[in-house]
Amino acid sequence: MPVFLNTTDQDFESRFNSFLHTKRESDSDVLEVVNGIIADVRHRGDAAVIELTQKFDRLTLTPQTLAFSTDEIEAAITRVPKAEREALELAARRIRAYHERQLPEDARWTDETGAELGWRWSAVSSAGLYVPGGLASYPSSVLMNAIPASVAGVKNMVICAPTPDGKVNPLVLLAAKLSGVETVYRIGGAQAIAAMAYGTATINPVDKITGPGNAFVAVAKRQVFGQVGIDMIAGPSEILVIADKANNPDWLALDLLSQAEHDESAQSILITDDEEFGKAVAHAIEKRLETLERRVIAGKSWADYGAVITAKNLDEAAELSNRIAPEHLEICVEDAEALSEKCLHAGAIFIGAYTPEAIGDYVGGPNHVLPTSRTARFSSGLNVLDFMKKTTISKMNPASLRAIGPAAATLAQSESLEAHGLSVTARLEALNNE
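The following paragraphs examine the structure supplied in this document. Nothing here was measured: the structure is a model prediction, and the numbers come from that model.

**Re the overall build of the chain**
The helix and strand tally for the chain stands at 17 helices and 14 strands. Dimensions of the chain, computed from C-alpha atoms along their principal axes, come out at roughly 90 × 60 × 45 Å. The buried share of the chain, reckoned over its 434 residues, is 49%. Long-range pairs, those at least 24 residues apart, make up 73% of the contacts in the chain between residues at least 6 apart in sequence.

**Describing the environment of S380**
Relative to the elements of secondary structure, S380 occurs in the loop between α15 (357-362) and β14 (388-395). For S380, a relative accessible area of 52% puts it in the exposed group. In the structure, S380 is positioned 287 residues away from R93 in sequence and 22 Å away in space, judged by C-alpha atoms. Once residues lying within four places of it in the same chain are set aside, the contact partners of S380 are M232 and P371.

**Re the nonpolar core**
L129, V142, L143, V154, I159, V181 and F387 are the most contacted members of the largest nonpolar core, which totals 41 residues. Secondary structure elements with two or more residues in this core: α4 (70-77), α5 (82-100), β3 (116-123), β4 (126-130), α6 (139-152), β5 (156-160) and α7 (170-179). Aside from chain neighbours lying at most four places away, what touches V154 is A123, V124, S125, S126, A127, A149 and F387. Membership of the second largest hydrophobic core comes to 32 residues, among which are A48, I50, V158 and V219.

**Some remarks on the sheet that holds strand β2 (residues 107-110)**
Taken in spatial order, the 3 strands make up an open sheet running β2-β3-β14, and their pairing is antiparallel. On the outer flanks of this sheet lie β2 and β14, each paired with one strand and no other. Direction aside, neighbouring strands of the sheet carry axes that sit 15° apart on average. In terms of strand pairing, β2 meets β3 through 4 bridges, oriented antiparallel. For R108, the partnering residue across the bridge sits in β3 and is G118.

Reading guide: rules and limits
Residues numbered from 1 in each chain as written. Predicted model: local features only at pLDDT ≥ 70, side-chain atom pairs only at ≥ 80, totals over all residues. Heavy atoms only, no water. Helix = DSSP H or I, 4+ residues; strand = E, 2+ residues; numbered from the N terminus. Buried < 20%, exposed > 50% of the residue type's maximum accessible area, 1.4 Å probe, protein only. Contact = heavy atoms within 4.5 Å. Core = buried A, V, L, I, M, F, W, Y, C linked by side-chain atoms within 4.5 Å. Pairing = 2+ DSSP bridges. Axes fitted to C-alpha atoms, helices over the stretch in contact; angles between N-to-C directions.

This is the structure in structure tokens:
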């Protein structure tokens, strides 16, 4: 049964805190396995990747077949139905247009001392993009990872997409082509992350790894961080809907189930200011679960981690939302725009009854790779800046060095770093002797 909470209940705070800190996925039991896989790939390279792929994906590969050939990609793409191709092309155009607006600008100026200061943005040289392929494969994840990298200017992009039993989703390969990625490796799991981080004889190491995956992938990304950059450690998907009684309960039931069907550990939460409406949505969910194709997965997610919370008013609902810091936040109330301004912590916000979260998964434009497990309190969804870095620029002249150099020397002396100070004073003395 999902949790039913009401902020007017005497024990609400203790029950809400218990709910808030429920751990939906543990990585402690996979850490040892992942560390072993990473060490094996670092030591044996291609051989380890090939053996692990055979073990976990039941797929026999060679160094020559780790990646799809151009002919294989083109042949697979021809099998994509026209309607699906057009839908994917629409999504690609919208995602690219949105992310192009995120490109930052370089800056350079001269301050009052005559010093030239500024910064310059540049893309990472290479990126490895992980695309899940377990319970389902997601061409949308290809677009969401590869297009921001392409817009940022990353020159070398590769994809790792597992193909259990050799089954290939042609849409994944089409999405790669639409995103400008030519190299797609048919490998997954911790071994793919290790191969992209450290390289093998066949797979070149990358500078940054992005993309969601299962617990093994998440732990592997955490373990290789520092050797390479990563976007985030993504946990199970989650959605929070804030709604008043003016909404259609069945619509919201479907919105909540849209995340529950991802994974048994996914979480769906409704916050409303009307207790009876909350019960109506819960009833609608039970009805939909009778016929939903993924009802076993969605049903367990809803029963184990779902919640209906009744708040005194919508302002309190926004306060609760900020404490939850959800991955996806739908706001379906009369003045949704105004309430959205009060919701400070969320990976992505969907405003109004006609903006289901699923639009964001595919064709909205913003990225669907988002912070989970309350990390939206301090982090953002995947974006162009994840594939770029800022280099600061400083240029002193004699006048500016005279103006600020003595202060630098003083601070160096206070920190007992003699050479630091001398590197400045030596220049100042030379200038004074001219």
